[in-house]
Amino acid sequence: MSDLANDTIAAISTPPGRGGIGILRLSGPDARAVALPLLKLRHSLAHGQARFAEVLDVEDNAVLDEAIVTFFESPNSYTSEDIVEIAAHGSPVLLNHILRSCIRNGARLAEPGEFTQRAFLAGRLDLTQAEAVHDLIESTTLHQARVAAQQLGGALSRQIAPIKEKLVHLIATLEAGIDFAEDDIDLLPAAEIIAQIEAVQAPLRALEETFGYGRIVRDGFTLAIVGRPNAGKSSLFNCLVQRDRAIVTAAPGTTRDLVTERVSLEGIPLELIDTAGLRDATDEAETIGIAKSREAMAEADIVLLVLDATAPLHAEDEAAIAAHTARPLLIAVNKRDLAPSSRLLEHSSHTAIATSALTGEGVAELRSAILGVITAGAPSSDTALLTNLRQQQAVSNSLAALSRAHRAVNAAIPHEMLLLDLYESLQSLDALTGVTTTDDIIHLIFSTFCIGK
Ligand code: GDP
Ligand code: ZN
């Protein structure tokens, strides 16, 4: 399926529902032939030009709508195929009728992501760019959109290219050595091979490390607010939400008895979880509440422990601090308005900030501290990020094969064996950009798209 497809696909590319404009997209060799019977054009279609047209009902030739029709001629289109886009008025009934007419004229209903899949199969986009199309569409903050746009522009592929080049060079040198070597004479000394492997490993490791931040940018991160009843968790939650909520479509609600709210912190989506319900708890409910709270703590990317500055450090809090080592823990010593000289801060080995949910004091510092934890792993802004697990896995597989190669050199294993590992490493890099991705994986990736993309 690597050549251009021979069928023509159709889909409504604008979101479901009513709108000022609704766009129907056709791609394939018959795009024009499918569309023309529906259109009464004053001027014939020409590449890259928008044309005014009346849209006709194929059954009785009645005028259904007026539309702007744009044509892109193969190979100069998104999919490399002929594309016709009919921008009609955004009535679902109308658009569905036009779509049905297109199907009757020989087009096939597009599968989710199929336009972008065709662009990929035609070599217009590599796999990381195709994924970026999806991420761009799904982005909820401008920062996410920027990262996706950077990837769409080929940033990740450009980062990989020189790494791959080094690896290919090493493989070629070793292959040449095997071809020409007589009596096991190495053309390349072991130390030189090691140096070259390491020159591939270093930038690849740096790239792998971007995944921590890339994942956060793409998927957002969660912050669980925990602490004893009455410490001020809900009050601080509200402080943090009020300041940022307006930026992002708020999706308030309770998840598993926890109050959650999505906000945007400098463009990074943040899900705040208030482990509510402890305060008014009866014994049984309290047990459940504590379990939920523990669960939230275990799953959150960051935990914010709220302490009451007017009370001494409770054994429960100490236990929470001691138990929490795997992920970042921030401490808010709250109610500083009541106890400005609380010494709770001094005992802490974690970042602790004095706050007052009542006066708002310290809340800005708290936000910066949260942001500091998130962006701790952020690479410089022009570095491409790995943004999904598939990409991370490809890089990590590539690195694993390099490590085996590294060990093989040290163990003086024949170059034929060493080469197998290097080829595997190269294959993983190719899989990242989709040079050698199996049809199954490709199908899986594009099926996450919506129809019409
Ligand atoms: P939670 O049980 O941890 O969620 O605590 P709440 O946020 O419900 O707060 C418990 C009580 O402490 C409420 O009466 C709040 O008004 C009060 N409170 C919360 N934060 C502060 C603060 O910073 N200063 C003062 N003076 N009172 C606070
Ligand atoms: Zn609360």
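Analysis parameters
- Residues numbered from 1 in each chain as written.
- Chains lettered and ligands numbered in written order.
- Predicted model: local features only at pLDDT ≥ 70, side-chain atom pairs only at ≥ 80, totals over all residues.
- Heavy atoms only, no water.
- Helix = DSSP H or I, 4+ residues; strand = E, 2+ residues; numbered from the N terminus.
- Buried < 20%, exposed > 50% of the residue type's maximum accessible area, 1.4 Å probe, protein only.
- Contact = heavy atoms within 4.5 Å.
- Areas by Shrake-Rupley, 256 points an atom, 1.4 Å probe, with all protein chains shown as cover.
- Near = heavy atom within 4 Å.
- Polar contact = N/O pair within 3.5 Å; in protein donor to acceptor, adjacent residues only side chain to side chain.
- Nonpolar A, V, L, I, M, F, W, Y, C, P; charged D, E, K, R; others polar.
- UniProt positions renumbered as here; feature names shortened; annotations may be inferred.
- Salt bridge = Lys/Arg side-chain N within 4 Å of Asp/Glu carboxyl O.
- Phe/Tyr/Trp six-rings, centres within 6.5 Å; stacked < 30°, edge-to-face > 60°.
- Lys NZ or Arg CZ within 6 Å of the ring centre and 35° of its normal.
- Axes fitted to C-alpha atoms, helices over the stretch in contact; angles between N-to-C directions.
- Parallel < 35°, antiparallel > 145°, perpendicular 65-115°, else oblique.
- Left-handed = near helix turned anticlockwise from the far one by under 90°.
- Pairing = 2+ DSSP bridges.

## Brief notes about the overall build of the protein
Phase 1 of the analysis: Broken down by element type, the protein carries 14 helices and 14 strands.
Phase 2 of the analysis: Counting all 453 residues of the protein, 47% fall into the buried class.
Phase 3 of the analysis: Long-range pairs, those at least 24 residues apart, make up 66% of the contacts in the protein between residues at least 6 apart in sequence.
Phase 4 of the analysis: Surface exposure of the protein reaches about 22000 Å², of which carbon and sulfur atoms provide 53%.

## Here's the deal with the site of ligand 1
Phase 1 of the analysis: Contacts to ligand 1 come from 16 residues, most closely from Asn-230, Lys-233, Ser-235, Asp-337 and Ala-357.
Phase 2 of the analysis: Between ligand 1 and the protein, one listed contact pairs an oxygen atom with a backbone N or O atom of Lys-335 at 3.3 Å.
Phase 3 of the analysis: Ala-357 is positioned such that a nitrogen or oxygen atom in its backbone is 2.8 Å from an oxygen atom of ligand 1.
Phase 4 of the analysis: Within the complex, 78% of the 570 Å² of free accessible area of ligand 1 lies under protein.
Phase 5 of the analysis: When residues in the shell around ligand 1 are grouped by element, the largest group, three residues, is from helix 8 (residues 233–244).
Phase 6 of the analysis: Taken together, the residues that form the shell around ligand 1 break down as five nonpolar, six polar and five charged.

## Considering the UniProt feature "binding site: (6S)-5-formyl-5,6,7,8-tetrahydrofolate" (unreviewed entry) in the protein
Phase 1 of the analysis: Those places that UniProt annotates as "binding site: (6S)-5-formyl-5,6,7,8-tetrahydrofolate" (unreviewed entry) correspond, in this numbering, to Arg-25, Glu-85, Arg-124 and Lys-453.
Phase 2 of the analysis: By secondary structure assignment, the location of Glu-85 is in strand 6 (residues 83–90).
Phase 3 of the analysis: Separated by 3.1 Å, the side chains of Glu-85 and Arg-25 make a polar contact.
Phase 4 of the analysis: Assignment of secondary structure puts Lys-453 in the segment after helix 14 (439–446).
Phase 5 of the analysis: Among the residues examined, Lys-453 registers a relative accessible area of 19% and is labelled buried.
Phase 6 of the analysis: In contact with Lys-453, other than residues within four places in its own chain, are Ser-13, Arg-25, Gly-113, Glu-114, Phe-115, Thr-116 and Ile-137.

## Some details on the pattern of salt bridges
Phase 1 of the analysis: Tallying each qualifying case throughout the model produces 19 salt bridges.
Phase 2 of the analysis: A salt bridge links Glu-81 to Arg-118; the nearest nitrogen and oxygen atoms lie 3.0 Å apart. Pair noted here: Glu-81 is in the loop between strand 5 (63–72) and strand 6 and Arg-118 is in helix 3 (residues 114–121), with a separation of 37 residues, a long-range link.
Phase 3 of the analysis: For Arg-118, a relative accessible area of 5% translates into the label buried.
Phase 4 of the analysis: Residues Glu-361 and Arg-336 are paired through a salt bridge, measuring 3.7 Å at the closest nitrogen-oxygen approach. One end of the pair, Glu-361, is in the loop between strand 14 (351–354) and helix 11 (363–375); the other, Arg-336, is in the loop between strand 13 (329–334) and strand 14, with 25 residues separating them in the sequence.

## Regarding the packing of aromatic side chains
Phase 1 of the analysis: Scanning the model with the defined rule gives zero aromatic pairs in all.
Phase 2 of the analysis: Residue placement shows Arg-25 over the ring face of Phe-115; its charged tip is 5.0 Å from the ring centre.

## Details of the packing of helix 12 (residues 389–410) against helix 13 (residues 415–433)
Phase 1 of the analysis: Interhelical geometry of helix 12 versus helix 13 gives an angle of 165° and a closest axis separation of 8 Å. Our classification of the angle between helix 12 and helix 13 gives roughly antiparallel. The hand of the helix 12/helix 13 crossing is left-handed. Between helix 12, through Arg-390, Gln-391, Ala-394, Val-395, Asn-397, Ser-398, Ala-401, Leu-402, Arg-404, Ala-405, Ala-408 and Val-409, and helix 13, the contact on the second element is made entirely by Leu-418, Asp-421, Leu-422, Glu-424, Ser-425, Ser-428, Leu-429, Ala-431 and Leu-432.

## Comments concerning unusual backbone geometry
Phase 1 of the analysis: Looking along the chain, the bond that leaves Ser-74 and enters Pro-75 is cis, with omega of 5°.
Phase 2 of the analysis: Backbone geometry at Asn-230 places phi at a positive 80°, although glycine is not the residue there.
Phase 3 of the analysis: With respect to the helices and strands, Asn-230 occurs in the loop between strand 8 (221–227) and helix 8.
Phase 4 of the analysis: The backbone of Ala-412 sits at a positive phi, close to 55°, despite the residue not being glycine.
Phase 5 of the analysis: With respect to the element layout, Ala-412 can be found in the loop between helix 12 and helix 13.
Phase 6 of the analysis: Classification of Ala-412 by relative accessible area gives exposed; the value is 66%.

## Overview of the environment of Leu-99
Phase 1 of the analysis: Of note, Leu-99 is situated in helix 2 (residues 92–104).
Phase 2 of the analysis: The exposure class of Leu-99 is buried, given its relative accessible area of 10%.
Phase 3 of the analysis: In this view, Leu-99 contacts Ala-10, Ala-11, Ile-12, Leu-24 and Leu-109; residues no more than four positions away in its chain are not counted.

## Examining the sheet that holds strand 4 (residues 49–56)
Phase 1 of the analysis: Across the sheet, which stays open at both edges, the seven strands sit in the order 3-4-5-6-2-1-7 with mixed pairing between neighbours. Looking at strand neighbours, the two that pair on one side only are strand 3 (39–41) and strand 7 (108–109), the edges of this open sheet.
Phase 2 of the analysis: With eight bridges joining them, strand 4 and strand 5 adopt antiparallel strand pairing. Its bridge partner lying in strand 5, Arg-51 is registered against Val-69.
Phase 3 of the analysis: Its contacts with the sheet place helix 2 against strand 1 (9–12), strand 2 (19–27), strand 4, strand 5, strand 6 and strand 7, and it is angled at close to 150° to strand 6.

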